[in-house]
Amino acid sequence: MWQRLGKFVLKNRLVLLIIMLLTTGLMGYYASKVKLSYEFSKAVPTDNLKYQEYLAFKNTFGDDGNMLVIGVQTDKLFNLPIFNAYQQLQQDIKQVASVEDILCVSNSVTLVKDSVTEKLNAVKIFPVTIASQTQLDSCKAVFLNLPFYQSVLYNPATHAYLMAVKINKDKLNSPGRTKIVADITESVIRFEKATGSSTHISGLPLIRTVMADRIQKEMKFFLFGSLLLSVLILLLFFRSLSTTLLSLVVVGMGVVWTIAAVYLCGYKITLLTALLPSLVVVIGIPNCIYFINKFHTSFLETGDKEKSLVNMVSKMGVVTLFCNITAAIGFAVFALTKSAILKEFGVVAGLSIMLIFVISFIVLPAVLSYLPSPKGKELKYLNNRLITRFLDRIEIWVFKHTRWVMMSTTVIVLVSVAGMFKLKSVAFIVDDLPKQDKIYTDLKFFEQHFKGIMPLEIVVDTKKPNGLRKPGVFERADSLSAFIASLPVTNRPLGVSEGFKFFYQAFSEGDSSAYVFPNEKIVEEILRKLKPASSHPDSLHPANAAVSGNALSKMLQTFIDSSRQKTRISVSMADIGTKELPLLLDTIQQKANQYFDTSKYKVTLTGTSITFLEGSRFIINGLKESIFWAFLLIAICMLYLFKSLRILVCSLVPNLIPLIITAGIMGWVGVPLKPSTVLIFSVALGIAIDITIRFLVNYRQDLPQNNNDIETTVKGTVHHTGLSIIYTSLVLMAGFIIFCGSSFGGTFALGWLTSVTLLSATLTNLVLLPVLIVLIAPKRKK
């Protein structure tokens, strides 16, 4: 069948090439329409309970992930020139498009009781224009007399100050957010230059934007970097410009088709799908090497170009097909997970790998038929002395040192297994950023001075409308808030109870000692004056808009739903990772259940921090499952291809050991299991199994020609396939090493750990696989 297909391709080569070029042009049009994802990847299934609770929270109270924070540490903020610059910073940022509100020292408010009506009016503490240092000092005294702002806007112990900027949530999910963040950053830089103060910027809007922009830049870097490395290696191997350019055309078409597939599947470019073009390059180049290597080998034997091309297709077609199928399985199994980001990656990767096979199968023989016959210089690599001596050494290891090979393998596996027991599973929201990256260091600044900025939301549901008017609800919420504030990784929460304290202080003529939770009578009086909110508000700090209008209502409506059934407690916390976060959440939940009778109340912990934890859990579990499915499906393919349990065992063991070695290395060097590192195992398995298939297919094809002499056939297979296996492995490792240039820790780990896995797989397939074949092969009767 494969011979007929080869003849068909050669007979209709012109028509097929025109079809491929036209299709590539169409795919190029679709590829140009692909867009970058500006949302956090949906790692949690939409039917997940935690995700549903998060959606319900956002529907009731609004988004919790649209706050950008700016920090400055100085003991001179209340010096008039610096404070004026700080006010100017706030005004400049306010003018940035899509900035909805700002909360900071310079626009903070106090509540003043009207002596006539005894109602509270919100009054700005610092006027827009401050004429003298004396006036500023007076305003400063008023501000510092308000405990409400302490630890929220400033840390008195470290002289750190925080400015919170609320950005329109729709703009945050659009390309326009890059300009928004850039404009805010530019204003901050002007403040730095004017005052000589160092500033820190953080928050989910900044993290999302910078990561998305870096993905876009790194996508181009990895693509051109992998192409450049491939060109150098191909020129080194084939010593032919035409052969190198042909290989680049094949992978170039594969890249275009891959990006088009992202668009046609309705997806956008994410942190994972951005890797696909580079992966297509490192997978497509080996296809070219194996096909061209077989063509050159056949031509060296026959001297007939057309016959050699047909032989290339007939011999390598089935091998490359199954190699690409197993590689596609290694990626496509991600589509079986419940994580949307992994599903997208798995679908497009599996499809792209099969497309690169189709492109290789048609374009390579068709174009090679038009090119001149290979010359002696182009075939010189087939007799590379260095690789030949290495393969001779492998032959000695296989047949003369079998026991040494098995003992060494056993020791390496045992050491690796010991390392696996040291593996830890932990992930952080900014885990993939280098520790010296400004985003990371700025985040740590806020954790040091404000205990963090990651959002955690607690919703207290009274289970019936107007249930918040029950006596003691907010007092219990205040007790829960006090407990949370006492924890080392959570800041003082904001909620209705803090608002009551703020109001009570104002009713008590501004006495800071009156910043305590009022008695039930006063609470009831405050609630009576509140008007239900028809929808969640747009203002960051409602008191900012309360200079005119109902100050009480506007201040509290962000924390109470319109039916007065639910109230929220907003917590800012440190990025403590997926190992510590469940313990913290359990602690808070247990304390909440002590304060709120579970038969009368429902206390729900939600927010971005919770969805991140759930997402990491789903991704890691999904990737573990994908490894199992990859092994199972690849085993079925191998069994179908070779129809022998002995061969199946021989094929899986040399590919399982590299995964164990990689896991052991991760344990010994302290690389944790997280979404970005678990990905390595399925990817490496799908690619490494190619080496096994090519070795075993060549072995099975040559066995009858050697009168079923296993030893002779194994020796011949080591030499015949060893050359192309080594060349291909070098291309693959070089292609993945390029990922080490990434600023994302996960992509960096994918680069070097996958390269280590492929190096281990090359050695186990060239050394251990032949040993296993010889050991378990049936003995020939003499």
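Okay, so let's go over this structure. (Residues numbered from 1 in each chain as written. Predicted model: local features only at pLDDT ≥ 70, side-chain atom pairs only at ≥ 80, totals over all residues. Heavy atoms only, no water.)

1. Some details on the pattern of salt bridges
Then, in step 1: One pass over the full model with this rule turns up ten salt bridges.
Then, in step 2: A salt bridge links R190 to E186; its shortest N-O distance comes to 3.5 Å. In this pair, R190 and E186 both sit in helix α7 (residues 177-195), four residues apart, roughly one turn of the helix.
Then, in step 3: E186 sits in the partly exposed class, given a relative accessible area of 45%. (Salt bridge = Lys/Arg side-chain N within 4 Å of Asp/Glu carboxyl O. Helix = DSSP H or I, 4+ residues; strand = E, 2+ residues; numbered from the N terminus. Buried < 20%, exposed > 50% of the residue type's maximum accessible area, 1.4 Å probe, protein only.)

2. Description of helix α9 (residues 241-264)
Then, in step 1: Relative to the 34 Å expected for 24 residues at 1.5 Å per residue, α9 spans 34 Å between its end C-alpha atoms, a close match to the ideal helical length.
Then, in step 2: Within two residues after α9, G266 carries a phi angle of roughly 80°, on the positive side. (Expected span 1.5 Å × (residues − 1).)

3. Describing the nonpolar core
A general tendency of soluble globular proteins is for nonpolar side chains to be buried together.
Then, in step 1: Core analysis: the biggest nonpolar cluster contains 255 residues, and Y86, F126, Y149, V165, I184 and F331 have the highest contact counts within it.
Then, in step 2: Examining the composition of this core, we find that 16 residues originate from one element, helix α24 (residues 675-702), more than from any other. (Core = buried A, V, L, I, M, F, W, Y, C linked by side-chain atoms within 4.5 Å.)

4. A look at a positive patch on the surface
Then, in step 1: A contiguous patch of positive charge on the surface is contributed by R239, K375, K377, K380, R385 and R389.
Then, in step 2: Structurally, R389 is set in helix α14 (residues 385-400).
Then, in step 3: R389 sits in the exposed class, given a relative accessible area of 53%. (Patch = residues over 30% accessible without salt bridge, like charges linked within 9 Å, V, L, I, M, F, W, Y side chains within 5 Å. Areas by Shrake-Rupley, 256 points an atom, 1.4 Å probe, with all protein chains shown as cover. Lys, Arg positive; Asp, Glu negative; His and termini not counted. Charge placed at Lys NZ, Arg CZ, Asp CG, Glu CD.)

5. Observations regarding unusual backbone geometry
Then, in step 1: Even without glycine at this site, K451 takes up a positive phi of about 65°.
Then, in step 2: By relative accessible area, which is 26% here, K451 ends up partly exposed.

6. A word on the pairing of strand β7 (residues 199-202)
The side chains of a regular strand alternate, first on one face of the sheet and then on the other.
Then, in step 1: Burial along β7 is two-sided: the residues T199 and I201 and H200 and S202 are all buried.
Then, in step 2: For strand β1 (residues 67-73) and β7, the ladder comprises four bridges, and the chain directions are antiparallel. Each bridged residue has a counterpart across the sheet, and for I70 the counterpart in β7 is I201. (Pairing = 2+ DSSP bridges.)

7. Brief notes about helix α23 (residues 645-669)
Then, in step 1: Spanning 25 residues, α23 covers 36 Å between terminal C-alpha atoms, matching the ideal 36 Å at 1.5 Å per step.
Then, in step 2: The positive-phi residue at the C-terminal boundary of α23 is G670, with phi of around 85°.

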